[in-house]
Amino acid sequence: MGVALTRAAQWTAAGIGVGKLEFTPLNVSLLNSIIKFVEYVNSKQPQEAALMFREPLEWKSDLDISAFGADYQTSKKTVVSKENIDGNPLLIFDASTGVIKVFTFNQLAKLLEVAQKDKLKETQACLEANRDPIAKILGPSFATVEGEDKSMLRLLEKVKKSDEEPEAEVQMKLFLLLQQLDMQLLNASLQKISQEVRLNPQAIKNDVQLLQSFSGEGEMTVLKSINYTSEYEFSNGCRAPPWRQVYGDICYLIINTHDTDTLYVTCNTAGVYLNGGPIKDSEDIIYDRNGDIYKDLITFLKEKSPTFAENLTLVQQMVDRLWETGEKKIGWEVFGRGGWSRLDSMGATSEIGKKIDIKTRREEQPLQTARISEKTVEIKVATHVPSDNSFTGISMTILNFVIQKKPPATRKTQKTEVPINEEFDQSEKFNEYQEKNKFERKKQPPKTKARDTKKEETPHVHKNLESSNQLSSKEEKTQMKEQDPKKTKQDKENVENVKTKKYKCKAAQEKKHILQRIVSDGSEELSESSTESEEEPQDMSRQQESNTDLPSEYWQIQKVVKYLKGGNQTATVIALCSMRDFNLTNETCQLAIRDVGGLEVLINLLDTEDTKCKVGSLKILKEISKNSQIRRCLAELGGLQTMVKILDSSNKDLKCLAAETIANIAKFRRARQTVRLHGGIQRLVGLLDCVPMLSANLSAEQEKDIEVARCGALALWSCSKSKKNKDAIRKAGGIPLLACLLKSPHENMLIPVVGTLQECASEPSYRLAIRTENMVKDLVRNLSSESEELQMHCARAIFKCAEDEETRNLVRTHFGLGPLVKLVGKSDNKELLAAATGAVWKCAISMENVERFKHLRVVETLINLLVGQPEEVLINVVGALGQLARDQLIRGAIRRSGGIDPLVNLLTGTNNALLVNVTKAVGECAVDAENMSIIESLDGVRLLWSLLKKPNPDIQASAAWALCPCIENAKEAGEMVRSFVGGLELIVNLLKSDDIEVLASVCAALAKIAMDEENLAVITDHGVVPMLSSLTYTKDDMLREHLADAVACCCKWGNNRVAFGSTGAVAPLVHYLKSKNPFVHRATAQALYQLSFDPKNCITMHENGVVKLLLNLMESTDELLQEAAAGCISNIRRLSLANEKDRYK
């Protein structure tokens, strides 16, 4: 099902977010087949239908609660199935959010029965939300992958161990059924898909150029104008921005016809269609399709504009008549927008846009003009004439056909031919792929010959970088420009006059944006043409070095490269061996190879058929690619593409060397992107599949397979620093293979494997896989390894994976906390120390782990690390202390070990992450009264308050949370707070923040501040009441809790109760009682109790149904909640009795 959805289904090209399934006949057929499959599994395969999914299929449904029948338990807002497994319902529907979760095929079938007429709609919504449903049904190891899928083999192994995996047989049957469905869906769509003709950028470009030649204001032109929305063209020929190219978009056009409104057109690989046009007051366009898809641009315009179809037919007829009237003539005088030229009639054709053969002759022939019906068909054809004027058949394309009135008779004809590239040259080119190696020495151009000579080259010799044809072409263009500079200038002026003002969308500024992102070293989403290199200034300075400063090795290597370039096969191998004798780790030797053009030669040798040449070249490239400048040059020269192809070689030595070289080069984003785009990830994942690591008596061939797997893991490690590459590794089935390699006893294998896992562990899908594939046990085991590098990577992996509670529990279960504490004691290795302290920090989030750390006495070790350590270590150490300080005994241990003083000193730092963790740690320590006395004596509260001025919302929120226990436990809290000049105004103004965390923390702090009457009066003067009232419409429970607490405390001054009622805070507070959070209930009840002392507020509460809600809450076991609820009802009742007495007086 995943393959069919990926390859056969037709998805919309959504501008924002993921695409959606189009409502096309093909998609309807696919959806109906999937519905029949679900019904079949439910009726014919009961065991498979009852199998519980690894993860529920979750999507947003439009079903109503009333549609569910007797098989479901319904309430006001939720529906759950009566059928359950271990008390867990197999279907959950939340009507408030519309989200539905289904855990079995049985429930899917029942849901389709409930949906009735909306079956298709629900199925479509499910598939759109779950693009790879098999991964959720059977687990991530069964995710849809590109290339070889070995999930079935892994499942068969589980079936063999049926005692350990009782559900494995059912899983296998279900997997086979799903694969069979996939094949049926693909076969059903194959016939239709095979009939489609895909467009490409060159075909669109040819059509647009052809139509531009026919466009203008004249009566006989086919269009008024046709223009691109973007002037910038990518190296692949597309003009659509990169995020649209992934949906198949090639370019966007603005077409003005003679008989319709302006057409905004999308040219896609699937066809041509109307888009939504420009967005008002924006530089973007609406990318969604509006209408049918047409096979090409001409067909689209014929359908949309009758005038276009009529004039195009007339043009074709006139060209046919031109052919008939001039068939026996030598040539015609022709004119296009670029100027006059000559067209021989010997090979012309009347079919517009088709190629024609034109024979050029040495003799000059009289030019003639063909006239048809008082009009002149003016044709501009660019021809290329060889330098020796020999008879040559040249294949050309007619680019300009324009029907105009006859030009003035006084005009003199020009015989100079204008090259095509001059006529259609772009004013700006993104020259990332065109420019030569900037480090290559300039060479003297060879003398031009009277005729082209056929080059001789041996089969093994590398490709020539500058062919004689290219040189002669450049010289010919230069000669033509010198002969008639006025003509070239006039041609350019004509081209400029035709250009019109284009609508600028995002793609029109693509070049500018890409260059800015390169300079800023920004996000992963870069185009293939991006230039990056911080080292370029070093390169330039390197070129400016005096020759006298270079060592002798520099010149010796240059001589070797010359032999490498010009020798035969034997000389090439000898030159490679000689080059390896140099110290290739020396930067001088590396740059010498680059400067003399040796990199190009080495890369070209990889395309030969000689294995020795390939091996020698790769061994050299593997060594020199460790240099950052060299690897960027190799990427620019296309070396990565060749190395990726070598990964398919049957020679294992070649695969090892290629993978190791890729690992060295893929240290920067563009290289990693190149590897992914050319299929390198799938190939590298394929290298990981080898014999089990623990097998005894391995043969030499099997050991070689293991070495290949190690090199593949090394390359994946480098590539995994990219988010898209992480996703590609997962889709290629890399996770189970990495799990197998993790059991290896060899450190050289484990280091790249664990390195890859710890890089990928930043993604939730990988953390889930590491947990479910039982990799945590292996990571904990390797914490006790003798290799500090392996220990560091294992600790980093645990640091990232321990974000999840289940992983933290697994680390404790497998006795991993002890080894982590031992690693914290290794203060000499800073990288290992940072990884270990980070793992301790994250593991300490669980209170069960805090108890274990308390027995391991890790606090004293962490406090010793608070001084003299790099910031990376300090962030983790302070974070760990903040989590551990939640325990009362540990707070005392921090005080006795002298940890308060260095923690307060760190509040003056500048690192944002460190400040967030320090404020949390100080706040936890301040819960203890003795600690608070030390913090106050060190002026820690003032430092915390000053952090509220920081622009970073995380720091603001953390500082405000830390102030709460400080104010609560300070001896003279009210006086201390008033002593901070401008402090109260500062914290009140933070209620204008847009960050929920900041608002909640500030409300909590204001509740503590308002305990002092004088402080409450001050913040009231600063407008705290209307600011709090404006926040009451929030739906966030955390903010609701502390906001209600602040309102309750602020009601105790003056007319604040009345002010809250007049600013509309009462009615929203009543609705807080419908929350499921008990802490929100308590705070809200206390706020309503305080507000109920004002009669108008009581009336508002009663109108909003507060009495019934409070009566339900009075059954709570929370005494504070009971007391507040009863008090509020009592005040409302007193007001009601008073009104009744007044009524009967």
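Quick notes on the rules
- Residues numbered from 1 in each chain as written.
- Predicted model: local features only at pLDDT ≥ 70, side-chain atom pairs only at ≥ 80, totals over all residues.
- Heavy atoms only, no water.
- Patch = residues over 30% accessible without salt bridge, like charges linked within 9 Å, V, L, I, M, F, W, Y side chains within 5 Å.
- Areas by Shrake-Rupley, 256 points an atom, 1.4 Å probe, with all protein chains shown as cover.
- Salt bridge = Lys/Arg side-chain N within 4 Å of Asp/Glu carboxyl O.
- Lys, Arg positive; Asp, Glu negative; His and termini not counted.
- Charge placed at Lys NZ, Arg CZ, Asp CG, Glu CD.
- Helix = DSSP H or I, 4+ residues; strand = E, 2+ residues; numbered from the N terminus.
- Buried < 20%, exposed > 50% of the residue type's maximum accessible area, 1.4 Å probe, protein only.
- Pairing = 2+ DSSP bridges.
- Axes fitted to C-alpha atoms, helices over the stretch in contact; angles between N-to-C directions.
- Contact = heavy atoms within 4.5 Å.
- pLDDT = per-residue confidence, 0-100.
- Disulfide = S-S within 2.5 Å.
- Polar contact = N/O pair within 3.5 Å; in protein donor to acceptor, adjacent residues only side chain to side chain.
- Core = buried A, V, L, I, M, F, W, Y, C linked by side-chain atoms within 4.5 Å.
- Phe/Tyr/Trp six-rings, centres within 6.5 Å; stacked < 30°, edge-to-face > 60°.

We now examine a positive patch on the surface. On the surface, a cluster of positive charge is contributed by Lys-76, Lys-77, Lys-1074, Lys-1076 and Lys-1108. The residue Lys-1076 is located in the loop between α54 (1066-1072) and α55 (1078-1091) in this model. For Lys-1076, a relative accessible area of 77% puts it in the exposed group.

Judged by pairing direction, the sheet is antiparallel, and its four strands sit side by side in the order β8-β9-β10-β11 without closing on themselves. Among the strands making up the open sheet, the edge pair consists of β8 (225-228) and β11 (271-274). In this sheet, adjacent strand axes meet at a mean angle of 25° when their direction is disregarded. Strands in contact with helix α9 (residues 201-213) are β8, β9 (249-256) and β10 (263-268); relative to β8, the strand with the most contacts, it is inclined by about 145°. The strands that helix α11 (residues 297-304) touches are β8, β9, β10 and β11; relative to β11, the one it contacts most, it runs at about 35°.

Looking now at unusual backbone geometry. Phi at Asn-774 takes a positive value of approximately 60°, unusual for a residue other than glycine. When you line up the elements, Asn-774 lands in the loop between α32 (764-772) and α33 (775-781). Positioned with a positive phi, Asp-939 is a non-glycine residue whose angle comes to about 65°. Within the fold, Asp-939 resides in the loop between α44 (929-937) and α45 (940-946).

Here the chain shows a mean pLDDT of 77. Residues at 70 or above account for 74%. Contacts for the low-pLDDT stretch residues 13-17, under 50 throughout, to residues beyond four places or in other chains number 12 contacts. Contacts from residues 326-548, a stretch scored under 50 in pLDDT, to residues over four places away or in other chains number 347 contacts.

So, on to the pairing of β9. Summarising burial for β9: seven of the eight residues are buried, a large majority. Pairing of β8 with β9 involves four bridges; the strand directions are antiparallel. From the neighbouring strand, Ile-226 faces β9, where its bridge partner is Ile-255. Between the antiparallel neighbours β9 and β10 lie six residues.

This part is about helix α21 (residues 598-605). Of all eight residues in α21, eight are buried; the element is thus mostly enclosed. Within the span of α21, buried status applies to Gly-598, Leu-599, Glu-600, Val-601, Leu-602, Ile-603, Asn-604 and Leu-605. Tucked into the core, α21 has its buried residues touching α18 (552-566), α19 (569-580), α20 (587-595), α22 (611-624), α23 (628-636) and α24 (639-646).

For the rest of this paragraph, the subject is the pattern of salt bridges. Inspection of every chain in the model, using the stated rule, returns 37 salt bridges. Note that Glu-660 and Lys-622 form a salt bridge whose closest N and O atoms lie 3.9 Å from each other. Highlighted residues: Glu-660 in helix α25 (residues 652-665) and Lys-622 in helix α22, separated in sequence by 38 residues. The exposure classification of Glu-660 matches that of Lys-622, with both residues buried. Note that Arg-978 is salt-bridged to Glu-975, the shortest N-O span being 3.1 Å.

Should the sulfur atoms of two cysteines be covalently bonded, the bond is a disulfide. Under the definition given, this model contains zero disulfides. Cys-613 supplies the cysteine sulfur nearest to Cys-577, a cysteine that is in no disulfide, at a spacing of 9.6 Å. Residue Cys-711 stays outside any disulfide, its sulfur separated by 3.9 Å from that of Cys-656, the closest cysteine.

Moving on: the side chain of Arg-710. The residue Arg-710 is located in helix α28 (residues 700-719) in this model. Polar contacts involving the side chain of Arg-710 include one to the side chain of Glu-707, which spans 2.8 Å.

Attention shifts here to the pairing of strand β3 (residues 78-81). Because side chains alternate across β3, one face comprises the buried residues Val-79 and Ser-81, and the other comprises Thr-78 and Val-80, none of which is buried. Alignment of strand β2 (residues 72-74) against β3, held across three bridges, turns out to be antiparallel. Looking at the pairing, Gln-73 lines up with Val-80 of β3. In textbook terms, the turn of a hairpin is the stretch between consecutive antiparallel strands, and for β2 and β3 this stretch comprises three residues. As judged from the three bridges shared by β3 and strand β6 (residues 91-94), these two strands associate in the antiparallel manner. The partner of Thr-78 across the bridge, within β6, is Asp-94.

Quick look at the nonpolar core now. Membership of the largest hydrophobic core comes to 224 residues, with the highest contact counts inside it found for Ile-1019 and Leu-1028. The contacts of Ile-1019, once residues within four sequence positions are left out, are Leu-984, Val-988, Leu-1006, Ile-1009, Ala-1010, Val-1024 and Cys-1050. Counting residues in each nonpolar core, the second largest holds 42 residues, with Val-38, Leu-51, Leu-63 and Leu-91 among its members.

The next thing to look at is the packing of aromatic side chains. A full pass over the atoms with the stated rule returns 11 aromatic pairs. Ring geometry for Phe-68 versus Tyr-72: centroids 5.1 Å apart, planes at 80°, classification edge-to-face. As far as burial versus exposure is concerned, Phe-68 and Tyr-72 are alike and both buried. Judged by centre distance (5.3 Å) and plane angle (50°), the rings of Trp-945 and Phe-980 are tilted. Taken together, the residues span a long stretch of sequence, with Trp-945 in helix α45 and Phe-980 in the loop between α47 (973-978) and α48 (983-989) at a distance of 35 residues.

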